[in-house]
Amino acid sequence: MSGAVARLRVKRGTPENDQGHQTFEVPFEEGQSLLDGLRRIRAEQDPSLAIRFACINANACKECIVKLDGKTVYACTTRLIAGEMTVDPLPNKPLIRDLVTDIAPRGDRIQDQA
Ligand code: FES
């Protein structure tokens with residue numbers, strides 16, 4: 001192992017409680033994806049980090065979409081780098097928490113039974 005680290009600045013919080021970016025460091029390993037890094041943070045540092053994914057690396061579910069340094073990417077097919085990366089939720093979707101936004105099409109949403 002090289003000893004290099006990936007430094008991920010990850011947006012945290014909810015619409016009611018914006019917590020800004022929190023910085024995590026994970027060991028950098030060649031060939032890892034951004035999603036690998038985020039899952040490692042959740043497994044080893046902060047299980048409360050909210051991320052969404054399903055297929056992990058097949059680019060099939062389309063659930064891992066985030067903003068990376070301002071660009072829209074699939075976290076599972078974007079390579080981790082040995083450096084700093086800033087990760088934000090999609091800005092054009094309602095924020096649920098951290099990196100998770102409401103990406104369900106309008107017709108699929110469960111209606112309130114008020
Ligand atoms: S986790 Fe399914 S497309 Fe990225």
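### Things to note about helix α1 (residues 34–44)
Phase 1 of the analysis: Within α1, burial applies to L34, L35, G37, L38 and I41. Taken down its axis, α1 places every buried residue within 160° of arc, on the same side. In this structure, α1 carries A43 and E44 as exposed residues pointing more than 90 degrees from its buried face.
Phase 2 of the analysis: Where α1 is buried, its residues touch β1 (5–13), β2 (18–27), β3 (65–68) and β5 (84–88).

### Observations regarding the environment of T14
Phase 1 of the analysis: Tracing the sequence through the fold places T14 in the loop between β1 and β2.
Phase 2 of the analysis: Residue classification places T14 among the partly exposed positions, given that 13 C-beta atoms sit within 10 Å.
Phase 3 of the analysis: When the C-alpha atoms of T14 and P89 are compared, they prove to be 11 Å apart, with 75 residues separating the residues in sequence.

### Examining the environment of T101
Phase 1 of the analysis: Checked against the element boundaries, T101 lands in strand β7 (residues 100–101).
Phase 2 of the analysis: For T101, a count of 18 C-beta atoms within 10 Å gives the class partly exposed.
Phase 3 of the analysis: A sequence separation of 49 residues divides T101 from R52, and the C-alpha atoms of the two residues are 8.7 Å apart.

### Focus: the nonpolar core
Phase 1 of the analysis: Among the nonpolar cores identified, the biggest contains 19 residues, and L8, V10, L35, L38, I41, C64 and A75 are the most heavily contacted of them.
Phase 2 of the analysis: Counting only elements with at least two residues in this core, the list comes to β1, β2 and α1.
Phase 3 of the analysis: Of the residues forming this core, the biggest block, 4 residues, is contributed by α1.
Phase 4 of the analysis: Every residue in contact with A75, bar those within four places of it in the chain, is listed here: S33, L34, L35, L38, F53, C64 and V66.

### A few points about unusual backbone geometry
Phase 1 of the analysis: Unusually for a residue other than glycine, D69 sits at a positive phi of about 50°.
Phase 2 of the analysis: Counting through the fold element by element, D69 comes out in the loop between β3 and β4 (71–74).

The rules behind the values
Within any chain, residue numbers begin from 1 and follow the written order of that chain's sequence. Residue-level local features of this predicted model are given only where pLDDT is at least 70; pairs of side-chain atoms are given and counted only at 80 or more, and the full residue set underlies all totals for whole chains, interfaces and linings. Partly exposed residues are those falling between the two cut-offs: more than 12 but fewer than 20 other C-beta atoms within 10 Å of their own, whereas 20 or more means buried and 12 or fewer means exposed, with C-beta atoms placed from the backbone. Put simply, DSSP marks the helices as runs of H or I at least four residues long and the strands as runs of E at least two long, and each gets a number from the N terminus on. Directions drawn from the helix axis to the C-beta atoms are what define this arc. Two residues qualify as a contact pair if the distance between their C-beta atoms, derived from the backbone, is within 7 Å. To form a nonpolar core, buried Ala, Val, Leu, Ile, Met, Phe, Trp, Tyr and Cys residues must be joined through C-beta atoms within 7 Å.

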